[in-house]
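Below, each chain spelled out in residue letters.
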Amino acid sequence: MININGVRDAIKANLQTITNLRVYDLIPDVVVPPCAVVGQLDFTFDVDNQRGLDQASVDVYVIVQRISERTGQDKLDLFLAGSGSGSIKTALESDRTLGGLVDTLRVISADSGTYTSGEQSFLSYRYNLTIWG
């Protein structure tokens, strides 16, 4: 069974390896970019019979300030890289078992968009993770 609080804490720890990225493991009322917000987990129970395996998905929002369109997008592009010290995917998958809490996780996609917080819109990407455990 997946330990929900532990999973959010472990995802936060993986993301904190990125320099100058504030990470929230609970959804805040107001964000301070650049930041990542670990969303709520969605579950499919009993993928394998009798509590043998659950599957969860979670969205992680990566948000940057809109100082200018170019500056914000450039910063998001660095986070979107498939590898490297600023790569969100690399950080999220740096410990795929989240310290042994789950069997594995995988970053499935990253969708561009905006994130609204405190009546302000920010540039963002929504990363979707699938977790088995």
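Residues numbered from 1 in each chain as written. Predicted model: local features only at pLDDT ≥ 70, side-chain atom pairs only at ≥ 80, totals over all residues. Heavy atoms only, no water.

### Notes on the nonpolar core
A general tendency of soluble globular proteins is for nonpolar side chains to be buried together. Where we set the bar: Among buried residues, the Ala, Val, Leu, Ile, Met, Phe, Trp, Tyr and Cys ones that are joined through side-chain atoms within 4.5 Å form a nonpolar core. Each residue's exposure class comes from its accessible area (1.4 Å probe, protein chains only) as a fraction of the maximum for that residue type: buried when under 20%, exposed when over 50%, partly exposed otherwise. The way it works is that DSSP assigns letters per residue, a run of H or I at least four long becomes a helix, a run of E at least two long becomes a strand, and they are numbered from the N terminus.
Counting residues in hydrophobic clusters, the biggest one holds 30 residues, and the most contacted among them are I11, L15 and Y127. Only α1 (4–15), β2 (35–48), β3 (53–64), α2 (69–80), α3 (88–92), β4 (104–117) and β5 (120–132) provide two or more residues apiece to this core. Membership of the second largest hydrophobic core comes to 7 residues, among which are Y24, C35, I63 and F122.

### Here's the deal with α2
Condition: Each residue after the first adds 1.5 Å to the expected span of a helix. The arc in question is traced by the directions running from the helix axis to the C-beta atoms. The criterion used for residue contact is that any of the two residues' heavy atoms lie within 4.5 Å.
Between its first and last C-alpha atoms α2 spans 16 Å; for 12 residues at 1.5 Å apiece the expected length is 16 Å, and the two agree. Of the residues making up α2, those classed as buried are G72, L76 and F79. Summarising the axial view, the buried residues of α2 lie within an arc of 55°, below the 170-degree limit, and thus occupy one face. Summarising the geometry of α2, the exposed residues directed more than 90 degrees from the buried face are R70 and L78. In this structure, the buried residues of α2 make contact with β3, α3 and β5.

### Looking at the environment of D42
Along the chain, the position of D42 falls in strand β2. A residue is classified by how much of its surface remains accessible, and D42, at 52% relative accessible area, is exposed. Sequence separation of D42 and I131 is 89 residues, and the distance between their C-alpha atoms is 10.0 Å.

### Here we look at the sheet that holds β2
Keep this limit in mind: A strand pair is defined by DSSP finding two or more bridges across the two strands. To obtain an axis, a line is fitted to C-alpha atoms, over the contacting stretch when the element is a helix, and the angle between two such axes runs from 0 to 180 degrees between their N-to-C directions.
The 5 strands are arranged β1-β2-β3-β5-β4 in an open sheet whose pairing can be described as mixed. Each edge of the open sheet carries a strand with a single partner, namely β1 (22–24) and β4. In this sheet, neighbouring strand axes are inclined to one another by 25° on average, regardless of whether the strands run parallel or antiparallel. The sheet contact formed by β3 and β5 spans 10 bridges and is antiparallel. Each residue of the ladder has a partner; that of S57, found in β5, is T130. Strands β1, β2, β3 and β5 of the sheet are contacted by α1, whose axis makes an angle of about 135° with β2.

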